[in-house]
Amino acid sequence: MVRLITHNLLACHVRGCNSNNFPLQFQDVQIGLREAEFNPDFLRGFLPKIEWNALVDSARQLGDTSLPAEQPVMIDDDFLKTLHHVLLEIHVEEGAMVCPNCKHVYPISNGIPNMLLADHEIG
Amino acid sequence: MIPTPDLSHLTRQDYEHVYEPAEDTFILLDALEQDVEYLKSLRPRICLEIGSGSGCASSFLGALLGCTSSLYLCTDINPHATKCTVSTGKQNKIELDVVLTSFAHPLHSRLRKSVDVLLFNPPYVPTIDEEAAEAQNSADIQGAWAGGKNGMQVTNQLLGMVESLLSSNGCFYLVAVKQNDILSIRKKMLEGYGLKSEVVIQRRAGGEHLFVVKFSHGPPVQ
Ligand SMILES: C[S@@+](CC[C@H](N)C(=O)[O-])C[C@H]1O[C@@H](n2cnc3c(N)ncnc32)[C@H](O)[C@@H]1O
Ligand SMILES: [Zn+2]
C-alpha cells in the first residue's frame, strides 16, 4: 500500500541519482480512504522519523491540506489525529511516483509501488 | 499462543508463482513467538521483512506485536508475492505496506539506522551461481529458493546492508540451513560489523537442517 507513511521513506535509487531524489512526486493518482485504528503512542514514536516538509508537500499533492507547514512543538491529540489520518488512512491505489531529479517513473498498481529497476539502472 | 496466519485465501495458482509457507517459514514464526517478550520490549516502530512471499511471517509478527504499534514494511522481487503479501495482511487484519523491489534499495537511505525488527527468510538452497542469478532476474518461484554457491549468493548481499539498516536496539532474524555455514555467517557479521548473534532455534525438518539466527548490537534492552 502506498500510504504517506511509506511514501515518506521511499527515495529514487537509480544509479547516480543521489541528490534531490526525495520525495517522489505523485502523478495521476487514484486514492482510497480507509479507516485505521488510532494509536497515539505509535505516532509519537514515529514522529522523529518523518521528513516533515516532504510529508506536508506530498499530502497536498493528494489534496489534503490539514497539516501545518511547520511541525508543531506541542504535540496534542488533535494534532496526532490529523497526522494519523494523513499517514495511515490515505491509500494511493493507482498512478505513479516520479523522481524530482532524474524523472524516473515508478508505477503504482493495485496499491503496490513498483520500484524495480532494470540492470543498467541499478546503483 | 498466536495462531498461524490464515492463508485460506491463497490458491494452488498463487503457489505456482509464490513460495508456499513451509518448515523454514514455520521455524521463523516459532523463533518470533519464542522471543515475543524481547521483541515487545524493543517497542518497535519499523519492522521490515525482505522477501515476504505469501506475507505469512509479517502477518504473524503484526499479530504478535499488535497491528497498530508498528509500521510493517515488506519487500519482494516477485510481483505475485507482493500481491499475496497484501492479501494475506488483509485476511489477517494487519496492514502490510508492500514495496516491489530487490532487498530494501529504495528505502535504504531513509531507513538508515531505523529498522527495529528485520526479517529475511532468503533463497538459501545451494545451486550453481548462474541458476541463482537467472532466478533473481526472472523474479518468479525459482527466486524463492535458488541461492547460488553455498546457498549464500542472495543472503550475502543483504548481510552487507544489515548494520546500516538496524536501529541501535534493532535485531535481525535470518533463516539459514547448515550448508550456508552458520558459523562463518556469524563470524563475518561480528568481525565485519560488530553485530553479535545467537541461534534462536535449530531443527531438522523435511531433509533440511534449519536455523534461525538473530543478530543485534546487543546487549539487549531490558
Ligand atoms: C524462501 S522464500 C520466503 C517467503 C516467506 N518470507 C516465507 O517465509 O514463507 C524467499 C522469498 O524471497 C524473495 N526474494 C528473493 N530474492 C529477493 C531479493 N533480492 N529481494 C527481495 N526479495 C527476494 C522471493 O521472491 C521469495 O518470496
Ligand atoms: Zn532519480
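- Chain B is annotated in an unreviewed UniProt entry as S-adenosyl-L-methionine-dependent methyltransferase from Neolentinus lepideus HHB14362 ss-1.
- Its UniProt record gives chain B a comment under Subcellular location (unreviewed entry), which states: "Nucleus".
- Looking at chain B in UniProt, the text filed under Sequence similarities (unreviewed entry) is "Belongs to the eukaryotic/archaeal PrmC-related family."

- Chain A has the name Trm112p-domain-containing protein in an unreviewed UniProt entry, where Neolentinus lepideus HHB14362 ss-1 is given as its organism.
- Its UniProt record, at the heading Sequence similarities (unreviewed entry), says of chain A: "Belongs to the TRM112 family."
- You can read under Subunit (unreviewed entry) in the UniProt record for chain A the words "Interacts with TRM9."

1. Re the interface of chain A and chain B
Stage number 1. Taken together, the contacts link 28 residues of chain A with 29 residues of chain B.
Stage number 2. Summed over the three residues of chain A that lose the most area to chain B, namely Met1, Leu9 and Ile112 of chain A, the buried surface amounts to 25% of that side.
Stage number 3. Our count for the contact surface shared by chain A and chain B stands at 2 salt bridges.
Stage number 4. Ionic pairing is found between Arg43 of chain B and Asp41 of chain A, a salt bridge with its closest N-O pair at 3.2 Å.
Stage number 5. Summed over the shared surface of chain A and chain B, the number is 11 residue pairs in polar contact (both at pLDDT 80 or more).

2. Let's talk about the site of ligand 1
Residue and element names in this part refer to chain B.
Stage number 1. Around ligand 1, a shell composed of 21 residues is seen, among which Thr25, Gly51, Asp76, Phe103 and Gln136 lie nearest.
Stage number 2. A distance of 2.9 Å separates an oxygen atom of ligand 1 from a polar side-chain atom of Asn121.
Stage number 3. Considered on its own, ligand 1 offers 600 Å² of accessible surface; in the complex 99% of this is hidden by protein.
Stage number 4. For the shell around ligand 1, the per-class residue count stands at 8 nonpolar, 10 polar and 3 charged.

3. Comments concerning the sheet that holds strand β1 (residues 46-50) of chain B
Within a sheet, neighbouring strands are paired by backbone hydrogen bonds and run either parallel or antiparallel to one another.
Residues and elements named next belong to chain B.
Stage number 1. Across the sheet, 7 strands lie side by side as β3-β2-β1-β4-β5-β7-β6; this open sheet has mixed pairing. Two strands bound the open sheet, and with one partner strand each, they are β3 (97-100) and β6 (196-205). The sheet shows a mean angle of 15 degrees between the axes of neighbouring strands, taken without regard to direction.
Stage number 2. As paired strands, strand β2 (residues 71-76) and β3 are joined by 4 bridges and run parallel to one another. Counterpart to Leu73 in the pairing with β3 is Asp97.
Stage number 3. Packing against the sheet, helix α8 (residues 182-193) makes contact with β5 (166-177), β6 and β7 (208-216), and its axis sits at approximately 10 degrees to β7.

4. Considering the pattern of salt bridges
All names here are of chain B.
Stage number 1. If you walk through the whole model with that rule in mind, you get 8 salt bridges over all chains.
Stage number 2. For Asp35, the salt bridge goes to Lys214, with nearest N and O atoms at 3.0 Å. Here Asp35, found in the loop between α2 (23-34) and α3 (36-41), pairs with Lys214, found in strand β7; they are 179 residues apart in sequence, far enough to count as distant.
Stage number 3. When its relative accessible area of 11% is taken as the criterion, Asp35 is described as buried.
Stage number 4. Given a relative accessible area of 9%, Lys214 falls into the buried group.
Stage number 5. Two residues, Glu191 and Lys187, come together in a salt bridge whose shortest N-O distance is 3.9 Å. With Glu191 and Lys187 both in helix α8 and 4 residues apart, the pair spans about one turn of that helix.

5. Brief notes about the coordination of the zinc ion (ligand 2)
Residues and elements named next belong to chain A.
Stage number 1. Taken together, the protein ligands of the zinc ion (ligand 2) are Cys12 (SG), Cys17 (SG), Cys99 (SG) and Cys102 (SG), with distances of 2.3 to 2.4 Å.
Stage number 2. Classification of the site at the zinc ion (ligand 2) rests on its 4 donor atoms, whose angles at the metal span 102 to 115 degrees, yielding the label tetrahedral.
Stage number 3. The sequence pattern describing where the donors of the zinc ion (ligand 2) fall on their chain is C-x4-C-x81-C-x2-C. Within this pair, whereas Cys12 is found in the loop between α1 (4-7) and β2 (25-33), its partner Cys102 is found in the loop between β3 (90-98) and β4 (105-109), the two being separated by 90 residues in sequence.
Stage number 4. Take Cys12: its relative accessible area is 4%, and that puts it in the buried class.

Rules used throughout
Residues numbered from 1 in each chain as written. Chains lettered and ligands numbered in written order. Predicted model: local features only at pLDDT ≥ 70, side-chain atom pairs only at ≥ 80, totals over all residues. Heavy atoms only, no water. UniProt positions renumbered as here; feature names shortened; annotations may be inferred. Contact = heavy atoms within 4.5 Å. Buried area = accessible area lost by both parts, 1.4 Å probe. Salt bridge = Lys/Arg side-chain N within 4 Å of Asp/Glu carboxyl O. Polar contact = N/O pair within 3.5 Å; in protein donor to acceptor, adjacent residues only side chain to side chain. Near = heavy atom within 4 Å. Areas by Shrake-Rupley, 256 points an atom, 1.4 Å probe, with all protein chains shown as cover. Nonpolar A, V, L, I, M, F, W, Y, C, P; charged D, E, K, R; others polar. Pairing = 2+ DSSP bridges. Helix = DSSP H or I, 4+ residues; strand = E, 2+ residues; numbered from the N terminus. Axes fitted to C-alpha atoms, helices over the stretch in contact; angles between N-to-C directions. Buried < 20%, exposed > 50% of the residue type's maximum accessible area, 1.4 Å probe, protein only. Donors = N, O, S within 2.8 Å, 3.2 Å for Na, K, Ca; no water. Tetrahedral: all angles 85-135°; square planar, octahedral: opposite > 155°, others 65-115°.

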